[in-house]
2 protein chains.
Amino acid sequence: MTRREPRPRERGIPEATVARLPVYLRALQALSESGTPTVSSEELASRAGVNSAKLRKDLSHLGSYGTRGVGYDVGYLVYQISRELGLTQDWSVAIVGAGNLGRALANYGGFGTRGFRIAALLDAEPALVGDRVAGLSVGHIDTLEGVVEAENVSIGVIATPAQAAQAVCDRFVGAGVTSVLNFAPVVLNVPPEVDVRKVDLSIELQILAFHEQRKADGREGPERIGTLDAPPGPAGGQ
Amino acid sequence: MTRREPRPRERGIPEATVARLPVYLRALQALSESGTPTVSSEELASRAGVNSAKLRKDLSHLGSYGTRGVGYDVGYLVYQISRELGLTQDWSVAIVGAGNLGRALANYGGFGTRGFRIAALLDAEPALVGDRVAGLSVGHIDTLEGVVEAENVSIGVIATPAQAAQAVCDRFVGAGVTSVLNFAPVVLNVPPEVDVRKVDLSIELQILAFHEQRKADGREGPERIGTLDAPPGPAGGQ
DNA sequence: TAGATTGTTAATCGATTAACAATC
DNA sequence: TAGATTGTTAATCGATTAACAATC
């Protein structure tokens, strides 16, 4: 059963690669719009902010879509990456939370463009229901299940305050959504078949602060007061 | 010069660990507010959504702050992680772009809270200048350099449309900012001493679409039509 | 002392990178 | 053919994980 098999073709693209494909795609689309027919791995890598070895390795997971001595056909590679990412079909997205963040998301160019369709923007606040945002009318949160079914929503976006997020997530999952993009600063609990990605503004800031502090340490001059090798030990708190 | 040295204490916390510290910190702060004095690695890991081996390994990079047989003192660990992340001092942040996203960021709880201070919210659009958002008056983009100097801004946040992002980034860098959080869908070019972190909404959606597609493939039944092993070859496009 | 839980070790896994043979 | 550039190999590096000795 779990015997070593000949391995059909090694499906499965590394996660790190998947996360970079959208970046390559964006660079390629810009090239396409400017009418550039082909691009080398060196040039494309530079535009995507990675080194060319990594780019070629990443693309090699999709197949051999380049031409030695020439480079990659821009249009062809746009198509191959789009297909790999699942952007040749349309995904229906529902956003919960019609505050500034939800509105920003609804208006965000990248959302409405190829591959995604915002099916609904919902909120619990009656005063917001009916507002028009990005060509949509804000709906009431109680219509969530109905919208998910009627519009075949496969991706739920949570742009609510932290306290509301888990409940909204549960409703998405209950309605059959298996991909969630969470902007609320909480760890969501979901069954294993559900994918959650998280965007956390304050975490990003904290990571920057960490590095900023390191830089500042250097600037303050070479003589550190001493490294806190022996901290005072667990303090109070019981 | 580059001779093998005794190694003072192996400074340098792995990036993957740094990125998780804010998550641990948030879970610990919640525990602290609920008056919990100590927590085991198992419990804290569960709340942070990681396994306990990883949590202990991560914390071990900061020092030995736990007690065998007991767990971690919540308050003490909050302090140690905060210090490591550089949150025991205040960082001044300037946000450029006072559209929905900029307003969402300015209003975001996690921003104003401990460790960060929003020094300014700027925009190029005269009609927005003077608007009050989250207790701030929107300023004009031309005051950027003055604000950075006067307020000692160390982190610049870019919440502008894509076309404006690189120019704003250049101004931040020119004014001496060395950490940038970018929400615009472009790859920013910066000198090596500048840290850029990027939050890209459409990239997150595309990564979800990739996985969603994989799940859908499975659902469609076991008989695939065939794997596109031999693609048609570079199509047209020149 | 017995039970609990940390901090560390070592094995494994996945990602990055440089180099270069293949080939247009 | 000569020059350019891909796709792949192999070495290296960093991250994850399970297991357990140390120790409260």
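A brief report on the enclosed structure follows.

Rules of the game
- Residues numbered from 1 in each chain as written.
- Chains lettered and ligands numbered in written order.
- Predicted model: local features only at pLDDT ≥ 70, side-chain atom pairs only at ≥ 80, totals over all residues.
- Heavy atoms only, no water.
- Contact = heavy atoms within 4.5 Å.
- Buried area = accessible area lost by both parts, 1.4 Å probe.
- Polar contact = N/O pair within 3.5 Å; in protein donor to acceptor, adjacent residues only side chain to side chain.
- Helix = DSSP H or I, 4+ residues; strand = E, 2+ residues; numbered from the N terminus.
- Buried < 20%, exposed > 50% of the residue type's maximum accessible area, 1.4 Å probe, protein only.
- Arc of directions from axis to C-beta.
- Pairing = 2+ DSSP bridges.
- Near = heavy atom within 4 Å.

## Some thoughts on the interface of chain B and chain A
Taken together, the contacts link 82 residues of chain B with 81 residues of chain A. Together chain B and chain A conceal approximately 7,000 Å² of surface at their shared face, both sides included; 62% is due to carbon and sulfur atoms. Its largest share of buried area at the contact with chain A, chain B owes to L201(B), L205(B) and L208(B), together 10% of the area lost on that side. Counting across the interface, chain B meets chain A through 25 residue pairs in polar contact (both at pLDDT 80 or more). Broken down by element, the side of chain B that touches chain A gets its largest block of residues, 16 residues, from helix α9 (residues 201–219) of chain B.

## Focus: helix α7 (residues 144–151) of chain A
All names here are of chain A. Residues of α7 that are buried include every one of L144, V147 and V148, and no others. Viewed end-on, α7 has its buried residues packed into an arc of 100°, placing them on one side of the element. Away from its buried face, by an angle of more than 90 degrees, α7 presents the exposed residues E149 and A150. In the segment just after α7, N152 is the residue with positive phi, at about 55°.

## Some details on the pairing of strand β4 (residues 91–96) of chain B
All names here are of chain B. Buried residues dominate β4, accounting for six of its six residues. Side-chain alternation along β4 places W91, V93 and I95 on one buried face and S92, A94 and V96 on a second face that is also buried. The pairing of β4 with strand β5 (residues 116–123) spans six bridges and is parallel. Its bridge partner lying in β5, W91 is registered against F116. Two elements, β4 and strand β9 (residues 153–158), share five bridges in a ladder whose sense is parallel. Bridge pairing links A94 to G156 in β9.

## With respect to the protein's contact with DNA strand D
Near DNA strand D, the surroundings consist of 26 residues, among which S41(A), K57(A), G66(A), Y72(A) and R20(B) are the closest. Side-chain polar atom of Y72(A) to a phosphate oxygen of DNA strand D: 2.7 Å apart, as the coordinates give it. Going through the elements one at a time, α3 (52–60), β2 (66–67) and β3 (71–73) of chain A together with α1 (15–33) and α3 (52–60) of chain B are the ones with two or more residues in the surface near DNA strand D. Looking at the surface near DNA strand D, the element that brings in the most residues is α3(B), giving four residues.

## Observations regarding the protein's contact with DNA strand C
Taken together, 26 residues sit near DNA strand C, with R20(A), S41(B), K57(B), G66(B) and Y72(B) positioned nearest. Sugar and phosphate atoms represent 67% of those atoms of DNA strand C found within 4 Å of the protein. Contact distances for DNA strand C include 2.9 Å between a phosphate oxygen and a side-chain N or O atom of N51(A). A distance of 2.9 Å separates a base nitrogen of DNA strand C from a polar side-chain atom of R68(A).

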